[in-house]
Amino acid sequence: MPDTTPVILSAGSNIDAERCMPEAVRNLRRHPDIDVLKVSTCIATPSVGGPDDAPDYLNAAMLIMTRLDPESLRDELRKIEDRLGRVRTDDPNEPRTIDLDIVYYGDLVKDFDGWTVPDPHGLTAMYVAVPAAEVAPTWTHPVTGQDLEEVAAGFTMETAVKHSSSIRLSQPYTTRESDFDDVRQVYAPRLESLVRDQLLEIGEDPDREGLQRTPLRVAKAMDYLTSGYTTSLEEVVNDAIFDAEGASEMVVVRDVEYYSMCEHHMLPFFGKATVAYLPKGKIIGLSKIARIVDVYARRLQVQERLTNQVADAMTEILDPHGVGVVMEGKHLCMMMRGVQKQESSMVTSAMRGTFQSDSRTRAEFLELAR
Ligand code: ZN
């Protein structure tokens, strides 16, 4: 990433925090303009100012690199908060699924409309200062000139305990070395322990050298292969829909490669899709069609549903005269288990609008899709 700026973010959650914290990290990691370099240990703190029975907060900090300017980055953080179900109210102590804030943006010192960089909480709040120092101990505070390690040293955990007996340091998520030097990332610890159990169950030794990092790798792979669950159609399509009043010819995109996993065996199926539509004033960038296929392929699927979902998505975003989708797929659950012939592949189709009602349109499409 050229022209990137190091940024420290704070994250806090006290609704469904064990799901929302790692999910927020995953959302950031998937962002094309953000690289997550380090994630701190989580700190649990009692909620302050809210109702007495409000659940504890989990707090963490992240060191990221980004191409986004501060305001665009803040907008992207708000989008992730929205995706995770954040409801914004005027009450600053309202429980929340996730709160993502820019604490430091390079060495920038600036007042924006209603917010400031650096975030004043970096100096006043233990739950911001301590995790920030963990991800970037030698980072210089752009106003005070202190190292973040010095800032954090002002908050001993003992002081915090004095303020509230229930405060505690906790590590609900494992942080560990990743495949890159000096980069630590948070992954799904529950999934990792399940993979470890699975290895034991099949008679393997999860501690032997080749398998030690397998649970982490599987968690990463699963995260990617199922990223469709947390990717919305809107963010994929973005602004790639164009007005095209005169366009009336069928648009066909052939041989869109896809990789999915069958929901019956969690084994891959893969192949090619042909997607066509008859525009009614709106067209979409061709590369976006492949991305739309990915949104639905990167889930546990059956090929019939995948085909229908792609057709419905095209209908929803373009409101065309009609849509046709044909998918061909090889299913490893059939091929590897020898139930069917190795070369057998499955073909599914979904027709909408004129592709369904007009036999000539359908015939034209099927001819082009062949
Ligand atoms: Zn299967």
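These remarks concern the structure in this document. What you see as residue numbers is a count from 1 along each chain, following the sequence as written. Totals for whole chains, interfaces and linings use every residue, but because this is a predicted model, local features are given only for residues with pLDDT of at least 70 and side-chain atom pairs only at 80 or more, for both listing and counting. To obtain the side-chain values, all non-hydrogen atoms of the structure were included, while hydrogens and water were left out.

### Quick notes on the packing of helix α10 (residues 286-297) against helix α11 (residues 303-318)
Inclusion rule: To obtain an axis, a line is fitted to C-alpha atoms, over the contacting stretch when the element is a helix, and the angle between two such axes runs from 0 to 180 degrees between their N-to-C directions. Under the DSSP-based scheme used, a helix requires at least four consecutive residues in state H or I and a strand at least two consecutive residues in state E, with every element numbered from the N terminus. Orientation is classified from the angle alone, with under 35 degrees giving roughly parallel, over 145 giving roughly antiparallel, 65 to 115 giving roughly perpendicular, and any other angle giving oblique. Handedness of each helix crossing follows the sense of rotation of the near helix against the far helix: counterclockwise by less than a right angle gives left-handed, clockwise gives right-handed. The contact rule is simple, with two residues in contact once any of their heavy atoms fall within 4.5 Å. Polar here means any residue outside two lists: the nonpolar Ala, Val, Leu, Ile, Met, Phe, Trp, Tyr, Cys and Pro, and the charged Asp, Glu, Lys and Arg; Gly therefore counts as polar.
One can describe the packing of α10 onto α11 by two numbers: an axis separation of 9 Å at closest approach and a directional angle of 130°. Viewed along their axes, α10 and α11 adopt a mutual orientation that is oblique. Judged by the sense of rotation from one axis to the other, the crossing of α10 with α11 is right-handed. Residue-level contacts link Ile289, Ile292, Val293, Tyr296 and Ala297 of α10 to Leu306, Gln309, Val310, Ala313, Met314 and Ile317 of α11. In terms of residue class, the contact of α10 with α11 is built from 10 nonpolar, 1 polar and no charged.

### Here's the deal with the pattern of salt bridges
Definition in use: When a carboxyl oxygen of Asp or Glu is within 4 Å of a side-chain nitrogen of Lys or Arg, the pair counts as a salt bridge. In this scheme, a residue with accessible area under 20% of its type's maximum is buried, one over 50% is exposed, and one in between is partly exposed, where area comes from a 1.4 Å probe on protein chains only.
Summed over the entire model, instances satisfying the criterion amount to 15 salt bridges. The partner of Arg29 in a salt bridge is Asp223, with the nearest N and O atoms 2.8 Å apart. Note that Arg29 is positioned in helix α1 (residues 17-30) and Asp223 in helix α8 (residues 214-225), a separation of 194 residues in sequence. When its relative accessible area of 13% is taken as the criterion, Asp223 is described as buried. Salt bridges sharing partners connect three or more residues here, namely Glu23, Arg26, Arg29, Arg30 and Asp223.

### Thoughts on the coordination of the zinc ion
Using the following cut-off: Here a donor is an N, O or S atom found within 2.8 Å of the metal, or within 3.2 Å if the metal is Na, K or Ca; sites may look incomplete because water is not among the atoms.
For the zinc ion, the protein coordination sphere consists of Cys262 (SG), His265 (ND1) and Cys333 (SG), at 2.1 to 2.4 Å. Sequence positions of the donors to the zinc ion reduce to the motif C-x2-H-x67-C. A residue pair is termed long-range when its members are at least 10 positions apart, and Cys262 in strand β12 (residues 251-262) and Cys333 in helix α12 (residues 332-335) qualify at 71 residues. The two residues Cys262 and Cys333 agree in class, both being buried.

### Observations regarding the packing of aromatic side chains
This is how the line gets drawn: In this scheme Phe, Tyr and Trp rings, the latter by its six-membered ring, pair at centre separations within 6.5 Å, and the angle between planes marks the pair as stacked below 30 degrees, edge-to-face above 60, and tilted otherwise.
Tallied over the entire structure, the rule returns 5 aromatic pairs. Centre to centre, the rings of Phe112 and Trp115 are 4.2 Å apart; their planes meet at 10°, and the pair counts as stacked. The exposure classification of Phe112 matches that of Trp115, with both residues buried. With centroids separated by 5.9 Å and ring planes inclined at 20°, the aromatic side chains of Tyr259 and Phe270 adopt a geometry described as stacked. A residue pair is termed long-range when its members are at least 10 positions apart, and Tyr259 in strand β12 and Phe270 in strand β13 (residues 268-278) qualify at 11 residues. What makes Tyr259 exposed here is its relative accessible area of 52%. Owing to a relative accessible area of 26%, Phe270 belongs among the partly exposed residues under this scheme.

### So, the side chain of Arg299
Put simply, the test is: We count Lys and Arg on the positive side and Asp and Glu on the negative side, and we leave His and both chain ends out. N or O atoms closer than or at 3.5 Å make up a polar contact, with two conditions inside protein: a donor-capable atom paired with an acceptor-capable one, and, for residues adjacent in sequence, both atoms drawn from side chains.
Looking at the secondary structure, you find Arg299 in the loop between α10 and β15 (300-301). Buried and without a salt bridge, Arg299 has Glu235 as its closest oppositely charged side chain, separated by 9.3 Å. From its side chain, Arg299 meets the backbone oxygen of Val295 in a polar contact 3.0 Å long. When residues no more than four places from it in sequence are discounted, the contact partners of Arg299 are Leu225, Thr226, Gly228, Tyr229, Thr231, Ser260 and Met261.

### Observations concerning the nonpolar core
To keep things clear, this is the line we draw: Among the buried residues, those of types Ala, Val, Leu, Ile, Met, Phe, Trp, Tyr and Cys that are joined through side-chain atoms within 4.5 Å form a nonpolar core.
Ranked by size, the top nonpolar core spans 30 residues in total, and within it Tyr258, Ile284, Ile292, Tyr296, Leu306 and Met314 carry the most contacts. Contributions of two or more residues to this core are made by α9 (233-237), β12, β13, α10, α11 and β16 (322-331). Beyond its immediate stretch of four places on either side in the chain, Ile284 contacts Val237, Ala240, Ile241, Tyr277, Ile289, Ile292, Ile317 and Leu318. Membership of the second largest hydrophobic core comes to 29 residues, among which are Ala24, Ile80, Ile98 and Ile102.

### Here we look at α1
Residues spaced three or four apart along an α-helix point in a common direction, a consequence of the helix completing one turn every 3.6 residues. Here is the rule we go by: One fewer than the residue count of a helix, multiplied by 1.5 Å, yields its expected span.
For α1, with 14 residues, the first-to-last C-alpha span of 20 Å sits near the 20 Å given by 1.5 Å per residue. Counted residue by residue, α1 has 10 buried out of 14 residues, so it is predominantly covered. Every buried residue belonging to α1 is among Ala17, Cys20, Met21, Pro22, Glu23, Ala24, Val25, Arg26, Asn27 and Leu28, and all of these are buried.

### Notes on a negative patch on the surface
What counts, and what does not: Patch definition: residues with relative accessible area over 30% and no salt bridge; like charges joined within 9 Å; nonpolar side chains (Val, Leu, Ile, Met, Phe, Trp, Tyr) joined within 5 Å. Values of accessible area rely on a 1.4 Å probe in the Shrake-Rupley scheme; residue burial ignores everything except the protein chains shown. A single reference atom marks each charge: NZ on Lys, CZ on Arg, CG on Asp, CD on Glu.
A cluster of acidic residues, Asp69, Glu71, Asp75 and Asp113, forms a negative patch on the protein surface. Within the secondary structure layout, Glu71 lies in helix α2 (residues 70-83). Look at Glu71 and you get partly exposed, because its relative accessible area is 44%.

### Thoughts on the sheet that holds β12
Under the convention used in this document: The rule for pairing is simple: two strands pair if DSSP sees at least two bridges between them.
With mixed pairing, the 5 strands of this open sheet are ordered in space as β15-β12-β13-β16-β17. Because the sheet does not close on itself, it has two edges, and the strands there are β15 and β17 (346-353). Relative to β13, β12 runs antiparallel, the two sharing 9 bridges. Looking across to β13, one finds that Val256 is bridged to Ala273.

### Here we look at the packing of α1 against α2
For any two helices packed against each other, the geometry comes down to the angle between their axes and how far apart the axes lie. At a minimum axis distance of 10 Å, the contact between α1 and α2 shows a crossing angle of 135°. Here α1 lies oblique to α2, going by the angle between them. For the crossing formed where α1 meets α2, the hand is right-handed. Where α1 approaches α2, its residues Ala24, Asn27 and Leu28 are matched on the opposing element by Leu77, Ile80 and Arg83. Split by residue class, the contact of α1 with α2 holds 4 nonpolar, 1 polar and 1 charged.

Limitation: the analysis is restricted to geometry and does not speak to function.
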